[in-house]
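A look at the structure
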Protein chains: 2
Amino acid sequence: MGDSMTDPLSRTFLALADPTRRAILAQIADGAQTVNAIVAANGLSQPGISKHLKVLEGAGLIRRERVAKTRPVHLDAAGLQQAAGWIDHYRQHWEGAFDRMDALIDRLQAEEAKNGRQ
Amino acid sequence: MGDSMTDPLSRTFLALADPTRRAILAQIADGAQTVNAIVAANGLSQPGISKHLKVLEGAGLIRRERVAKTRPVHLDAAGLQQAAGWIDHYRQHWEGAFDRMDALIDRLQAEEAKNGRQ
DNA sequence: AAGTTATATTTCCTTACGGTAATGTAAATC
DNA sequence: GATTTACATTACCGTAAGGAAATATAACTT
């Protein structure tokens, strides 16, 4: 079963940790698609796809409408934004680290130049 | 075993899909920490932490040095950048979607205003 | 060289994941 | 109202993940 005890961020990252599910997101990125279209695109069984869709929905990465007898699948930005937000926190960190490393390199080169002149 | 058959992006997202591992990354974000320090911080057994570290290392999210008998664990930005890169692709997409939605709303409001004036 | 410290590896267990096949259900069509 | 279409749910299977306990290894200390 879809483990609803795990935190939202874990669910989101877990949902993204599967190539089939990322392919589904890629497929619906520029427009909703029916479940059958998704089944046709990926080489998987229909129940298999439905299961993946459930995981993606539980992670807030997709939404589903009801249009006649089809259930078009839409990309939902909210889930992705949450994951992006978490990573961005570290992005600032590592960019800061790069800046500090650049500064260190500059200082070392300055030292080297000075020593060269002695 | 560490499944080296899965693609790098899946490994990275899977590594991020665990609160303990994210806590480890948070802990070493502003400086390397020894394994024991990480064990002490999280309430987990030492083998458990070593296993998590292996997953993080396999995903390119951490690196390990050898300093005397300790093995300090460093954050590795490369893995995070890859994950961020993937998400960023969709970020552009959904920001585009938001822009289009804004434009639509503007148009609808313009229509409404015009109809109101009739 | 023996003991201690720091960490890795192995073993074992339980639970979750990814997949298929079979069946159920809701809506359109005849 | 019976049938088809589109999809969900159930049941089941194999494999992998997450955890603890026990053991192994590697380096420092005395």
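Just above sits the structure.
Here's a quick rundown of the structure. (Residues numbered from 1 in each chain as written. Chains lettered and ligands numbered in written order. Predicted model: local features only at pLDDT ≥ 70, side-chain atom pairs only at ≥ 80, totals over all residues. Heavy atoms only, no water.)

**Points about the pattern of salt bridges**
Note the following rule: A side-chain nitrogen of Lys or Arg and a carboxyl oxygen of Asp or Glu constitute a salt bridge if their distance falls within 4 Å. Labels follow the DSSP assignment, with helices taken as runs of H or I lasting at least four residues and strands as runs of E lasting at least two, numbered in each case from the N terminus.
Counted by the stated rule, this structure contains six salt bridges over all chains. For R22(B), the salt bridge goes to D7(A), with nearest N and O atoms at 2.6 Å. Highlighted residues: R22(B) in helix 2 (residues 19-27) and D7(A) in the segment before helix 1 (8-16), drawn from two different chains.

**Some words on the relation of the copies chain B and chain A**
Both copies of the chain are placed relative to one another by a rotation about an axis and a shift along it. To be explicit about the condition: For the least-squares superposition of copies, only C-alpha atoms count, and only for residues with pLDDT at least 70 in both. Contact between two residues is taken to exist if any of their heavy atoms lie within 4.5 Å; hydrogens are not considered.
With an axial shift of 0.0 Å and an RMSD of 0.0 Å, the rotation relating chain B to chain A amounts to 180 degrees. The relationship between the two copies is best expressed as a two-fold rotation axis. Comparing contact sets, 100% of the residues at the interface of chain B also lie at the interface in chain A, consistent with an isologous, same-surface contact.

**Structural notes on the protein's contact with DNA strand C**
Keep this limit in mind: Distances are taken per atom, and a residue is near a molecule or strand as soon as one of its heavy atoms is within 4 Å of it. Side-chain atoms alone can form a polar contact between residues adjacent in sequence; in general such a contact is a pair of N or O atoms within 3.5 Å, and within protein one must be able to donate a hydrogen while the other accepts it. Gly is put with the polar residues, along with every residue not named as nonpolar or charged; the nonpolar set is Ala, Val, Leu, Ile, Met, Phe, Trp, Tyr, Cys and Pro, and the charged set is Asp, Glu, Lys and Arg.
The full set close to DNA strand C counts 23 residues, and K51(A), H52(A), Q46(B), S50(B) and R64(B) are the nearest of them. A share of 63% is what sugar and phosphate atoms reach among the atoms of DNA strand C within 4 Å of the protein. At a separation of 3.1 Å, a phosphate oxygen of DNA strand C approaches a polar side-chain atom of R21(A). Separating a phosphate oxygen of DNA strand C from a side-chain N or O atom of H52(A) is a distance of 2.5 Å. Here the residues of the surface near DNA strand C sort into seven nonpolar, eight polar and eight charged.

**Regarding the interface of chain B and chain A**
The cut-off we apply is this: Accessible surface is computed with a 1.4 Å probe, and the buried area is the amount of it that two parts give up when combined, taken over both parts together.
On the side of chain A, 28 residues touch chain B, which itself brings 28 residues to the contact. On the chain B side of the interface with chain A, the three residues burying the most area are R22(B), Y90(B) and W94(B), jointly 24% of the side's total. Counting every contact that joins chain B to chain A gives six residue pairs in polar contact (both at pLDDT 80 or more). For the side of chain B that touches chain A, the elements supplying multiple residues, two or more each, are helix 1 (8-16), helix 2 and helix 5 (77-117) of chain B. Ranked by residue count, the leading element in the side of chain B that touches chain A is helix 5 of chain B, at 13 residues. Taken together, the residues of the side of chain B that touches chain A sort by class into 19 nonpolar, three polar and six charged.

**Some thoughts on unusual backbone geometry**
The backbone of A68(A) sits at a positive phi, close to 55 degrees, despite the residue not being glycine. For A68(A), the location among the structural elements is in the loop between strand 1 (62-64) and strand 2 (73-75).

**Here's the deal with the packing of helix 2 (residues 19-27) of chain A against helix 4 (residues 46-58) of chain A**
Residues and elements named next belong to chain A. Convention followed: To get an axis, fit a line to the C-alpha atoms, keeping to the stretch in contact for a helix; angles then go from 0 to 180 degrees between the N-to-C directions. The scheme is simple: roughly parallel for angles under 35 degrees, roughly antiparallel for over 145, roughly perpendicular for 65 to 115, oblique for anything else.
Closest axis-to-axis distance for the helix 2/helix 4 pair is 10 Å, and the angle between their directions is 75 degrees. As the angle between them shows, helix 2 and helix 4 are arranged roughly perpendicular. Residues T20, R21, I24 and L25 of helix 2 lie in contact with helix 4, whose contacting residues are I49, H52, L53, V55 and L56. Here the contact of helix 2 with helix 4 is built from residues that sort into six nonpolar, two polar and one charged.

**Comments concerning the side chain of H52(A)**
Here H52(A) lies in helix 4. If near-sequence neighbours (up to four positions away) are discounted, H52(A) is found in contact with D18(A), T20(A), R21(A), I24(A) and L44(A).

**Digging into the protein's contact with DNA strand D**
Not every one of the 20 residues close to DNA strand D is listed here, only the nearest: N36(A), Q46(A), S50(A), R64(A) and H52(B). At the protein interface, 63% of the atoms of DNA strand D within 4 Å belong to sugar or phosphate. The backbone of N36(A) places a nitrogen or oxygen atom 2.8 Å from a phosphate oxygen of DNA strand D. Within the side chain of K69(A), one N or O atom sits 3.3 Å away from a sugar or linking oxygen of DNA strand D.

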